[in-house]
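# Summary of the model geometry
Single-letter residue listing:
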Amino acid sequence: MSDKSTPHMPSEPRPANKRGAARLSAVQALYQMDVGGATLTDVLAEFEAFRLGGELDGEQYREADATWFRDLVKGVVAEQRLLDPLIHKALVADWPLKRIDTTLRAILRSAAFELLRRKDVPARVVITEYIDVAKAFYEGDEARLVNGVLDRIAREHRTGEFGGAAPKA
């Protein structure tokens, strides 16, 4: 899998709500921090000033929920040591987290954070939203991988929403 810096447009895009746009921007910010070494403070300032609903280099960005964006990015950074082993455990054995490309890692980290810490959002909504984010960046099987990993995490950490016990590892 290779890193992609710009999303492709799906054939029939679903309209993004402000939280959906915040999720997409959070993934982009996390990618920028991981690849470019930007600091949390710098990336938050850049996105809030220029990208969340703004225009940059002739490209119009969708309006996003700035508070949701900030909470996601800060939360992932603060809890990465908890999130990474959780994601690693949910991946298939021959695809450890270190083999996953940077964009896909950012998607999984942001989604896992939301599944663990934002219980006010139904797990199925989180999963669907991040499948859409994956589809914005990839045309291949990555959206299915996101679905499978997030489903495993949700079933383990939000068992009440799935009507049964957590699956055996």
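Residues numbered from 1 in each chain as written. Predicted model: local features only at pLDDT ≥ 70, side-chain atom pairs only at ≥ 80, totals over all residues. Heavy atoms only, no water.

### Comments concerning the packing of aromatic side chains
By the definition in use, this model includes one aromatic pair. The ring of tryptophan 68 carries the charged tip of arginine 19 above its face, separated from the ring centre by 3.7 Å. (Phe/Tyr/Trp six-rings, centres within 6.5 Å; stacked < 30°, edge-to-face > 60°. Lys NZ or Arg CZ within 6 Å of the ring centre and 35° of its normal.)

### Comments concerning the environment of leucine 116
Its location among the elements puts leucine 116 in helix 4 (residues 102–117). Classification of leucine 116 by relative accessible area gives buried; the value is 10%. Each C-alpha atom of the pair leucine 116 and alanine 154 lies 8.2 Å from the other, and the pair is 38 residues apart in sequence. Setting aside residues up to four positions removed in sequence, leucine 116 forms contacts with Leu82, Leu83, Leu86 and His157. (Helix = DSSP H or I, 4+ residues; strand = E, 2+ residues; numbered from the N terminus. Buried < 20%, exposed > 50% of the residue type's maximum accessible area, 1.4 Å probe, protein only. Contact = heavy atoms within 4.5 Å.)

### Details of helix 1 (residues 18–36)
Along an α-helix, residues three or four positions apart point the same way, because every turn accommodates 3.6 residues. The end-to-end C-alpha distance of helix 1 is 26 Å, a good match for the 27 Å that 19 residues give at a rise of 1.5 Å each. Among the residues of helix 1, the N-terminal cap falls to asparagine 17, whose side-chain oxygen and the backbone nitrogen of arginine 19 are separated by 3.0 Å. (Expected span 1.5 Å × (residues − 1). Polar contact = N/O pair within 3.5 Å; in protein donor to acceptor, adjacent residues only side chain to side chain.)

### Topic: the environment of leucine 150
Within the secondary structure, leucine 150 is located in helix 6 (residues 142–157). Assessed through its relative accessible area of 0%, leucine 150 is described here as buried. When near neighbours in sequence (up to four residues on either side) are disregarded, leucine 150 contacts Leu108, Ala111, Ala112, Leu115, Ile127 and Tyr130.

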